Amino acid sequence: MSKSKRARPIKARSAPKTRSKAGTRQSAAPHHGTRANSKQARVLGLLRRPSGATIATIMQSTGWQSHSVRGFFAGVVRKKLGLKLASEKTDGGRVYRIAGGGKSGAIEPDTAAAQPSA
């Protein structure tokens, strides 16, 4: 036979604590730059070279597998950083490089904003 559940007294709940999302995000704001010695910085350095970089070169530099390199291109380079990634097929394989454009300040600081207006 099944036991019947006892009616429990209902406890009064205190008002929910509300936090300002802006306040917590400012204190834990992520650093938008890249660390000088990180894998991300190394890959971006390879992609910024005029000769560009192949997936094999980036794999050797970072120790990543090819699908991880492609995921980095899509998720970080294109979406997060907003950089335009150009690729061209050569005899040695496909070469990737960062093309001009993208979000302002993503590649280099905005020098026009720093100039005083006359």
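Residues numbered from 1 in each chain as written. Predicted model: local features only at pLDDT ≥ 70, side-chain atom pairs only at ≥ 80, totals over all residues. Heavy atoms only, no water.

Side note on the overall build of the chain
Selection criterion: Labels follow the DSSP assignment, with helices taken as runs of H or I lasting at least four residues and strands as runs of E lasting at least two, numbered in each case from the N terminus. Only protein chains enter the accessibility calculation, which uses a 1.4 Å probe; a residue whose area is less than 20% of its type maximum is buried, one above 50% is exposed, and one in between is partly exposed. Contacts are assigned to residue pairs with any non-hydrogen atoms lying within 4.5 Å of each other. Note on areas: Shrake-Rupley, 1.4 Å probe, and residue coverage restricted to the protein chains presented here.
Looking only at helices and strands, one finds five helices and three strands in the chain. Each helix and strand of the chain, ordered N terminal to C terminal, gives the series α-α-β-α-α-β-β-α. Residues classed as buried in the chain amount to 20% of the 118 residues present. Intrachain contacts of the chain at a sequence separation of at least 6 include 37% that bridge at least 24 residues. For the chain, the accessible area works out to roughly 10000 Å², and carbon and sulfur atoms hold 51% of it.

Regarding the side chain of Thr54
Condition: Counting of polar contacts relies on pairs of N or O atoms within 3.5 Å, with two restrictions inside protein: one atom must be capable of donating a hydrogen and the other of accepting it, and residues adjacent in sequence are counted only when both atoms are side-chain atoms.
Locating Thr54 in the fold gives a position in strand β1 (residues 53-54). Looking at Thr54, its side chain comes within polar contact range of the side chain of Thr57, at 2.7 Å. If near-sequence neighbours (up to four positions away) are discounted, Thr54 is found in contact with Arg94 and Val95.

Regarding the sheet that holds strand β2 (residues 84-90)
The line we're drawing: Strands are labelled as partners when DSSP assigns at least two bridges between them.
With antiparallel pairing, the three strands of this open sheet are ordered in space as β1-β3-β2. In the strand order of this sheet, the two ends are held by β1 and β2, each with one partner. Of the strand pairs in this sheet, β2 and strand β3 (residues 93-99) are connected by seven bridges, and their pairing is antiparallel. Opposite Lys89, over in β3, you have Arg94 as the bridge partner.

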